[in-house]
Amino acid sequence: MAPTVTFGRDSEEKTKLPADRSGIDGECETPSVSSDGDDRGTWGNHMEFFLSCLGFAVGLGNVWRFPYLCYRNGGGAFLIPYVFFLVFAGVPMFFLELSFGQFAGTGPITIWRVAPMFKGVGFAMVMISFLVCIYYNVIISYILHYLFASFTSVLPWVTCNNDYNTADCVEGGHVKMAFEIYKCSKIGGDYFNGTCFNATMNATAAIMNETLQNTNFTRVSPTEEYWKHFVLQISDGIDDMGGISWSLTLCNLLGWVVVFFSLVKGVKSSGKVVYFTATFPYIVLFILLIRGLTLDGAMDGVFFYIKPDWSRLAHPKVWMDAAVQIFYSLGAAWGSLITMSSYNRFNNNCYRDALIISFSNCATSVFAGFVIFSVIGFMAHEIGVPVADVIDQGPGLAFVAYPEAVSLLPISPLWAILFFFMLFTLGLDSQFGMLEAVLSGLIDEFPTILRPIKSWVTLGICVLQFLLALPMVSQGGIYLLTMVDWYSAGVSLMIVAVTECLVLSWLYGCDRFYDNIKMMLGSYPSIWWKICWKVITPVVLLGILLFTMVNHTPVTYGKYEYPDWADSLGWLMAMASVVNIPIFAIIALVQAKGSFMERLRAVTQPTAEWGPALNRDRDLDLSEPELNEKGVPVINIVPTKDEEKVDLSKSMERISTV
């Protein structure tokens, strides 16, 4: 009989159950399964998992950050470092986490049975995701606000005749003319038919232009004033939090209601929702691209986006921007990939999924850039300014630049509705992934207490995060949100990622991990992944971490500089997650028995419970199957003294993998 694979330090004491071959010729009974794995639930089918992972990876950053980075870092030339770090860091970490989660079939905390000393890594993942979920839903509330405001015949951010507007507000269709009139008046001239005439001085055009260039003109678009003075009702700083914005509060509440009902039944409910939320953004992006390319000035924007500047590749920051974007875009070290893959069938081809989802995510970023820059190019053409003067990133792009561009389109409310509904679905998928990591992490760690009341746990977490977000929807809330975003998932996330990669590749060992992958996929992955996990990927991650720490700057919001106490509070928040790693390492050492070295060896080795969650997956044969005279595999179903063999030649159509 071929050798059987077992797990954990006490594996020799465990009852060895045969692999699940139930239903073959009706001769075998289904082996018992662990209650943990049985009660967690699984994806209804492979497409639910695929779309959930794709939706989690393709988030708001693909639309509102990558295009800006590409333009700023050399246009098309930026794709070289981008693809480089995708291959050497992004895909290896993505494949690592999908394999890790699928093999163990448990959440990001309990999965560290693989090395109990590093259980704090799991708690750090959960805490980072918890903190980000708080402010991420506030961003979703901004999107909902704009979405509801778009259901009108005239978009509310296109005029300057509102109570909240200032004297500096200039409406979009007259921006260029107002700019020229203002500059002409500054030198005592008269503006007529596109020309500035000076009655007292017959100044030459050259002198006139030089004077005009030196004049100071403050132009504020109605879109920017709508964002600052109506949506945010922004205060002067984080010291002045002001009152609560009830419109944003209700939008935030609605966002949490949608999230709760999507996750209340775990993957059984969220798996159905992603059929829409993960595919709808692609439909809208395609529609917006077709519309954008038909606009005047669109190609100027596209050319501005892709024009390569090869000299930029000599700047280290360009390479680091690519590395950071790849890492955060794919979503490694959040615990979400581990969680989503843990609901897979044990023999799901996670290798194929890792490759397809990773490259699809990056292709989406590039595609979104064409969508954004085609419309931004049209906007620049309409108001007569360079593309560089109107492009922005993050909230500046989503809530100022792009809405202003959309307002110049015919039937502008329709395009605004499509754009903001697309952002809403993009945000939801990422929120689903992060919150599911929090829920799965806690419920799998305390299954006896929490799993019977999972719906109430989900409700409690949603309510708690809604309450914690209330300060972020106040007049000073944008300052608090920016601070949490700046610190909660920066250095701390990189530390978690480096630790995870080193523990699995060196402490647990790539050889053992390769055996685990073969159990799932039926064959070993190529040696390339071992080289990446042991050497290349940790070096890249350490490089990103060091670069991030060396180039760290205190948090800012536009031109606003935060007080020292806010910066200190941000660092405390960042360390609140990472500190779990040494704390749980110390606890594990204290609870272990024996000398220090004996304790150290004990807490760095897999526990007896480590391995696949279901008993039927724990004792699988790693050797090549024995074949009969017809070339059909023969397997020992129920080992006996005589090792009676059962010929499976009549049932091959029902065998998915051996």
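Residues numbered from 1 in each chain as written. Predicted model: local features only at pLDDT ≥ 70, side-chain atom pairs only at ≥ 80, totals over all residues. Heavy atoms only, no water.

**Comments concerning the packing of helix α16 (residues 350–383) against helix α17 (residues 395–407)**
- Following both chains from N to C, one finds α16 and α17 inclined at 55°, their axes separated by 8 Å at the closest point. Here α16 is positioned oblique relative to α17, judged by the angle of their axes. Relative to α17, the crossing made by α16 is left-handed. Counting all contacts with α16, which are made through Val 371, Ile 372, Val 375, Ile 376, Phe 378 and Met 379, the residues of α17 involved are Leu 397, Ala 401, Tyr 402, Glu 404 and Ala 405.
- Residue classes in the contact of α16 with α17 are distributed as 10 nonpolar, no polar and 1 charged. (Axes fitted to C-alpha atoms, helices over the stretch in contact; angles between N-to-C directions. Helix = DSSP H or I, 4+ residues; strand = E, 2+ residues; numbered from the N terminus. Parallel < 35°, antiparallel > 145°, perpendicular 65-115°, else oblique. Left-handed = near helix turned anticlockwise from the far one by under 90°. Contact = heavy atoms within 4.5 Å. Nonpolar A, V, L, I, M, F, W, Y, C, P; charged D, E, K, R; others polar.)

**Describing the confidence of the model for the protein**
- In the predicted model, the protein carries a mean pLDDT of 83, and the fraction of residues at 70 or more is 80%.
- In the predicted structure, residues 9–37 sits below a pLDDT of 50 and forms 58 contacts with residues beyond four places in sequence or in another chain.
- Segment residues 635–658 is flagged for pLDDT under 50; beyond a separation of four residues in sequence, or across chains, it makes 38 contacts in the model. (pLDDT = per-residue confidence, 0-100.)

**Digging into the packing of aromatic side chains**
- This model, assessed by the stated rule, comprises 56 aromatic pairs.
- Between Tyr 71 and Phe 373 the ring centres are 6.2 Å apart and the planes differ by 55°, which places this aromatic pair in the tilted class. Of this pair, Tyr 71 sits in helix α4 (residues 66–72) while Phe 373 sits in helix α16, and the two are 302 residues apart along the sequence.
- Look at Phe 84 and Phe 85: their rings are 5.1 Å apart centre to centre, the planes differ by 85°, and that puts the pair in the edge-to-face class.
- Taken together, the ring pairs in this structure connect Trp 64, Tyr 142, Tyr 146, Trp 157, Tyr 164, Tyr 226, Trp 227, Phe 230, Phe 399, Tyr 402, Phe 419 and Phe 420 into an aromatic cluster.
- Just above the ring of Trp 506 sits the side chain of Lys 534; from NZ or CZ to the centre is 3.6 Å. (Phe/Tyr/Trp six-rings, centres within 6.5 Å; stacked < 30°, edge-to-face > 60°. Lys NZ or Arg CZ within 6 Å of the ring centre and 35° of its normal.)

**Let's talk about the state of the cysteines**
- In this structure the tally under the stated criterion is 1 disulfide.
- The side chain of Cys 160 participates in a disulfide bridge whose partner is Cys 169; the two sulfur atoms lie 2.0 Å from each other. Given an S-S torsion of about -70°, the disulfide between Cys 160 and Cys 169 has left-handed geometry. Side by side, Cys 160 and Cys 169 carry an identical accessibility label, which is buried.
- Left without a disulfide partner, Cys 133 is nearest to the cysteine sulfur of Cys 462, which lies 8.8 Å away.
- Given the relative accessible area of 0%, Cys 133 is considered buried. (Disulfide = S-S within 2.5 Å. Buried < 20%, exposed > 50% of the residue type's maximum accessible area, 1.4 Å probe, protein only.)

**Thoughts on the environment of Tyr 514**
- Along the chain, Tyr 514 falls in helix α22 (residues 491–521).
- By relative accessible area, Tyr 514 is classed as buried at 6%.
- Linking Tyr 514 and Ser 526, residues 12 residues apart in sequence, is a C-alpha distance of 9.4 Å.
- When near neighbours in sequence (up to four residues on either side) are disregarded, Tyr 514 contacts Tyr 524, Pro 525, Ser 526, Ile 527, Trp 529, Lys 530 and Trp 533.
- Among the polar contacts listed, one links the side chain of Tyr 514 to the backbone nitrogen of Lys 530, at a separation of 2.9 Å. (Polar contact = N/O pair within 3.5 Å; in protein donor to acceptor, adjacent residues only side chain to side chain.)

**Some thoughts on empty space enclosed by the protein**
- For the structure shown, the criterion picks out 3 cavities of 30 Å³ or more.
- Roughly 80 Å³ of internal volume is contained in the largest cavity.
- What lines the largest cavity is Trp 43, Ser 52, Phe 56, Leu 263, Val 267, Ser 270, Val 274, Met 340, Asp 429, Phe 432, Gly 433 and Glu 436.
- Elements with a minimum of two residues in the lining of the largest cavity: α2 (46–57), α11 (267–277) and α18 (412–445).
- Per-element tally for the lining of the largest cavity: the top contributor is α18, with 4 residues. (1 Å grid on protein atoms, 1.4 Å probe; cavity = no way out; pocket = protein on both sides within 12 Å on 5 of 7 lines; lining within 4 Å. Points joined across faces, edges and corners; volume = space filled by probe spheres on them.)

**Looking at the pattern of salt bridges**
- Evaluation of the coordinates by the stated rule reveals 8 salt bridges.
- Here Glu 224 ties to Lys 228 by a salt bridge, and the two come within 3.1 Å at their closest N and O atoms. Taken together, the residues Glu 224 and Lys 228, both in helix α9 (residues 222–232) and 4 residues apart, mark about one turn of the helix.
- For Lys 228, a relative accessible area of 30% gives the class partly exposed.
- Across the pair Lys 530 and Asp 511 runs a salt bridge whose closest N-O atoms are separated by 2.8 Å. Of this pair, Lys 530 sits in helix α23 (residues 527–550) while Asp 511 sits in helix α22; the two residues are 19 residues apart in sequence, bridging distant segments of the chain.
- By relative accessible area, which is 54% here, Asp 511 ends up exposed.
- Residues joined by salt bridges that share partners form a network here, namely Arg 72, Lys 317 and Asp 321. (Salt bridge = Lys/Arg side-chain N within 4 Å of Asp/Glu carboxyl O.)

**A look at the packing of helix α10 (residues 246–263) against helix α20 (residues 454–468)**
- One can describe the packing of α10 onto α20 by two numbers: an axis separation of 10 Å at closest approach and a directional angle of 160°. One finds that α10 runs roughly antiparallel with respect to α20. In terms of crossing hand, the pair formed by α10 and α20 is right-handed. Of α20, the residues touching α10 (which contributes Thr 249, Asn 252, Leu 253, Trp 256, Phe 260 and Leu 263) are Ser 455, Thr 458, Leu 459, Cys 462, Gln 465 and Phe 466.

**A short note on a nonpolar patch on the surface**
- A cluster of nonpolar residues, Phe 148, Phe 151, Leu 250, Leu 253, Leu 254, Val 257 and Phe 261, forms a patch on the protein surface that exposes about 700 Å² of accessible area.
- The element contributing the most residues to the nonpolar patch is α10, with 5 residues.
- Tracing the backbone through its elements, the reader meets Phe 148 in helix α6 (residues 119–149).
- A residue is classified by how much of its surface remains accessible, and Phe 148, at 45% relative accessible area, is partly exposed. (Patch = residues over 30% accessible without salt bridge, like charges linked within 9 Å, V, L, I, M, F, W, Y side chains within 5 Å. Areas by Shrake-Rupley, 256 points an atom, 1.4 Å probe, with all protein chains shown as cover.)

**Here we look at the environment of Phe 276**
- Mapped onto the fold, Phe 276 is located in helix α11.
- Residue classification places Phe 276 among the partly exposed positions, given a relative accessible area of 42%.
- Considering only alpha carbons, one finds Phe 276 and Leu 51, 225 residues apart in sequence, at a separation of 9.3 Å.
- Look past the residues within four positions of Phe 276 in its chain and what remains in contact with it is Pro 281, Phe 421 and Thr 425.

**Some details on the side chain of Thr 339**
- Here Thr 339 lies in helix α15 (residues 336–342).
- Within the structure, the side chain of Thr 339 is placed 2.7 Å from the backbone oxygen of Gly 335, a separation counted as a polar contact.
- Setting aside chain neighbours within four positions, we find Thr 339 in contact with Pro 108, Glu 436, Ala 437 and Ser 440.

**Quick word on helix α13 (residues 298–306)**
- Regarding α13, the residues found buried are Ala 298, Gly 301, Val 302 and Tyr 305. In a view along the axis of α13, the buried residues occupy a sector of 100°, so they form one face of it.
- Those residues of α13 that are buried lie in contact with α4, α12 (280–293) and α16. (Arc of directions from axis to C-beta.)

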